[in-house]
Amino acid sequence: QVQLVESGGGAVQAGDSLRLSCAASGRAFSSAVMGWFRQAPGKEREFVAAISSSGAVTSYANSVKGRFTISRDNAKNTVYLQMNGLKPEDTAVYYCAAAQSPFSYVRAGSYDYWGQGTQVTVSS
C-alpha cells in the first residue's frame with residue numbers, strides 16, 4: 001500500500017518555475033515507478049512524466065520535454081517535478097501516481113495509487 005500527498009502547486013506567471021513534491025508513505029515506494037499526470041478542466045487526465053524505481057530511466061510528454069524534470073529521492077520517499085518556463089496551457093491539477101509493475105509508463109491505467117492532486121495555475 002502506498003499513500004501519496006502532493007504539494008507545491010500555486011498560481012504563477014508565464015515563464016515562472018514551480019517544483020511539485022509528492023511524499024509517499026509505505027515501504028513499496030523505492031520499488032515503484034512514479035508518474036506525474038495532469039488534468040485541465042474539461043479535459044482528460046494526461047501523462048506528464050515518469051521515473052523508474054532507481055531513477056535511471058525517465059519519460060516525458062512531448063509538451064513538457066525540455067521544460068520539466070522529474071526526479072526522486074528514495075531515502076526521503078519523495079518524487080519531484082521541477083517545472084520551468086511555465087505556460088498558460090500547463091494550468092491543471094497535477095497528480096502523483098505510483099505503479100508496482102506498470103505495463104506502460106504513460107497510461108494512467110497502469111498506476112495503482114494516486115494522490116489527491118495539487119492545482120497549478122499559470123497566467124499570461
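In this text, all values refer to a predicted model and were calculated from it rather than measured experimentally.

Q: Break down the pairing of strand 11 (residues 118-123) for me, citing the residues and quoting the values.
A: Here strand 11 shows one buried face, formed by T118, V120 and V122, and one open face, formed by Q119, T121 and S123. Of the pairings in the sheet, the one linking strand 2 (residues 10-13) to strand 11 comprises four bridges and is parallel in character. Within strand 11, the residue paired with G10 across the bridge is V120.

Q: Explain the environment of L18 to me, using residue names and the numbers behind them.
A: Among the secondary structure elements, L18 is positioned in strand 3 (residues 18-25). For the pair L18 and G66, spaced 48 residues apart in sequence, the C-alpha to C-alpha distance is 15 Å.

Q: Give me the environment of F29: which residues, what numbers.
A: One can find F29 in the loop between strand 3 and strand 4 (33-39). Taking the relative accessible area as the measure of exposure, F29 reaches 0% and is therefore buried. Along the sequence, F29 and S53 sit 24 residues apart, while their C-alpha atoms lie 7.9 Å from each other. If we ignore the near neighbours within four places in the chain, the residues touching F29 are A24, M34, R72, D73, N74, N77, T78 and V79.

Q: Tell me what's going on with the pairing of strand 8 (residues 78-83), and back it up with residues and numbers.
A: Burial runs high along strand 8: five of the six residues are buried. In this sheet, strand 8 lies alongside strand 3 in antiparallel orientation, the contact comprising six bridges. When the bridges of strand 8 are listed, L20 appears paired with L81. When strand 7 (residues 68-73) meets strand 8, the two strands line up antiparallel, connected through six bridges. Bridge pairing in strand 8 places T69 opposite Q82.

Q: Give a detailed account of the nonpolar core, specifying residues and quantitative values.
A: M34, W36, L81, M83 and Y94 are the most contacted members of the largest nonpolar core, which totals 36 residues. Of all the secondary-structure elements, those providing two or more residues to this core are strand 3, strand 4, strand 5 (46-51), strand 7, strand 8, strand 9 (92-99) and strand 11. When sequence neighbours within four positions are dropped, the list of residues in contact with Y94 reads E6, L20, W36, F37, R38, V48, F68, L81, M83, G117, T118 and V120.

Rules behind the numbers
Residues numbered from 1 in each chain as written. Predicted model: local features only at pLDDT ≥ 70, side-chain atom pairs only at ≥ 80, totals over all residues. Heavy atoms only, no water. Buried < 20%, exposed > 50% of the residue type's maximum accessible area, 1.4 Å probe, protein only. Helix = DSSP H or I, 4+ residues; strand = E, 2+ residues; numbered from the N terminus. Pairing = 2+ DSSP bridges. Contact = heavy atoms within 4.5 Å. Core = buried A, V, L, I, M, F, W, Y, C linked by side-chain atoms within 4.5 Å.

Scope: geometric values only; no functional claims are made or implied.
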